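What follows is each chain in one-letter form.
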Amino acid sequence: MGGSTVRAVAFDLDGTLFDDRQYARAGLINAGGELRRRTGVALTEELLSAYFRDGHREATFDVVLSAAGLADDHVPALVSAYHDNDAPLVPYRDAAGTLETLATDYRLGVITGGTNGREKLSRLDLDGPVEEIIVTAERPDSKRAPEPFVEMAERLGVPERSMAFVGDRPGLDFPQPNRLEMPTVRVMRGRYADAVARNGATPDAAVESLDAVPEVLARFDGQ
């Protein structure tokens, strides 16, 4: 962690500040409606089962369309329908309070790879305390590269070692911040709660809820 005082905190969004499975469910239901409109075939339950039960999270539409004997040229429209859903999003119960508490002492940012990251943050009503947001889906890079983290520290006006990063997915959220010697905190809940953090993906600290983050950051300062 380099011994630097933490002056800013950046958060992952999906799975960290809210349970993103609600966004996925709403998106799949919306896509199922679009598929039925286009083809007359009702496959919403199959989409939900493929994603949540069978774990087909990267090619859900391809898998379900293939099993139903439908052409994969429907996929782009289904992806659009998935992300066009406007269902309400609910943050984790401790998200708003934690951000408000931290905002009194730290500058805050969000780095997310999720499509519609800005809209999600607004729908969650969490955008008030957040000064900066980087949505890597709008850029050529991702959280697998150092650039979003370096840029966020620059935007928040702090050295890289003085910006902590809080996330939930070890393999994606922590390797780059760890290499940059940023303090890292893992929130152990959601779909990646049981994921094993290995080698460079191991965070400096792990907590079970967001409301434990301020105390962890204080401990970092004490070190």
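Calculation rules
- Residues numbered from 1 in each chain as written.
- Predicted model: local features only at pLDDT ≥ 70, side-chain atom pairs only at ≥ 80, totals over all residues.
- Heavy atoms only, no water.
- Pairing = 2+ DSSP bridges.
- Helix = DSSP H or I, 4+ residues; strand = E, 2+ residues; numbered from the N terminus.
- Axes fitted to C-alpha atoms, helices over the stretch in contact; angles between N-to-C directions.
- 1 Å grid on protein atoms, 1.4 Å probe; cavity = no way out; pocket = protein on both sides within 12 Å on 5 of 7 lines; lining within 4 Å.
- Points joined across faces, edges and corners; volume = space filled by probe spheres on them.
- Nonpolar A, V, L, I, M, F, W, Y, C, P; charged D, E, K, R; others polar.
- Buried < 20%, exposed > 50% of the residue type's maximum accessible area, 1.4 Å probe, protein only.
- Expected span 1.5 Å × (residues − 1).
- Contact = heavy atoms within 4.5 Å.
- Parallel < 35°, antiparallel > 145°, perpendicular 65-115°, else oblique.
- Left-handed = near helix turned anticlockwise from the far one by under 90°.

Caption draft 1: Representation of the sheet that holds strand S1 (residues 8-11). Taken together, six strands build an open sheet; the order of strands is S3-S2-S1-S4-S5-S6 and the sheet is parallel. Each of the sheet's edge strands pairs with one partner strand only, and the pair in question is strand S3 (132-135) and strand S6 (205-207). In this sheet, neighbouring strand axes are inclined to one another by 20 degrees on average, regardless of whether the strands run parallel or antiparallel. Sheet topology note: the S1/strand S4 (residues 163-167) ladder contains four bridges and is parallel. Within S4, the residue paired with Ala-10 across the bridge is Phe-165.

Caption draft 2: Spotlight on the layout of surface pockets. Estimates place the volume of the largest pocket at around 940 Å³. Forming the boundary of the largest pocket are 33 residues, of which Tyr-51, Arg-57, Glu-58, Gly-114 and Arg-169 lie nearest the centre. Residues of the lining of the largest pocket, tallied by class, amount to 11 nonpolar, nine polar and 13 charged.

Caption draft 3: The arrangement of the pairing of S4 in detail. The buried count for S4 comes to five of five residues, which makes it a mostly enclosed element. Covered by surrounding structure in S4 are Met-163, Phe-165 and Gly-167 together with Ala-164 and Val-166, the residues of both alternating faces. Across three bridges, the pairing between S4 and strand S5 (residues 184-187) is parallel. Residue pairing across strands places Val-166 opposite Val-185, the latter belonging to S5.

Caption draft 4: A look at the pairing of S5. Across the two faces of S5 the burial is the same, with Thr-184 and Arg-186 and Val-185 and Val-187 all buried. Inspection of the sheet shows S5 paired to S6 by three bridges, in the parallel sense. Among the inter-strand pairings, Val-185 is bridged to a residue of S6, identified as Ala-205.

Caption draft 5: Region of the structure containing the environment of Asp-125. Secondary-structure assignment places Asp-125 in the loop between helix H6 (117-123) and S3. For the pair Asp-125 and Leu-89, spaced 36 residues apart in sequence, the C-alpha to C-alpha distance is 9.0 Å.

Caption draft 6: Highlighting helix H1 (residues 21-39). Compared with the 27 Å implied by 1.5 Å per residue over 19 residues, the 26 Å span of H1 between its first and last C-alpha is a close match. Residues Tyr-23, Ala-24, Ala-26, Gly-27, Leu-28, Ala-31, Gly-32, Glu-34 and Leu-35 constitute the buried set of H1. Tucked inside the fold, the buried residues of H1 contact helix H2 (44-53), helix H3 (60-68), helix H4 (75-83) and H6. Taken from the residues just after H1, Gly-40 is the one with a positive phi, measuring 80 degrees.

Caption draft 7: Seen up close, the packing of H1 against H2. Close contact between H1 and H2 brings their axes to 8 Å; oriented N to C, the two are set at 150 degrees. The angle between the axes of H1 and H2 places the two elements in the roughly antiparallel class. Crossing handedness for the pair H1 and H2: right-handed. The segment H1 lies against H2, with Arg-21, Ala-24, Arg-25, Leu-28, Ile-29, Ala-31, Gly-32 and Gly-33 engaging Thr-44, Leu-47, Leu-48, Tyr-51 and Phe-52. When its residues are assigned to classes, the contact of H1 with H2 shows eight nonpolar, three polar and two charged.

Caption draft 8: Seen up close, unusual backbone geometry. Unlike most non-glycine residues, Asp-125 shows phi in positive territory, near 60 degrees. In this model, Glu-181 sits at a positive phi of 60 degrees, which is unusual for a non-glycine residue. Checked against the element boundaries, Glu-181 lands in the loop between helix H9 (175-179) and S5.

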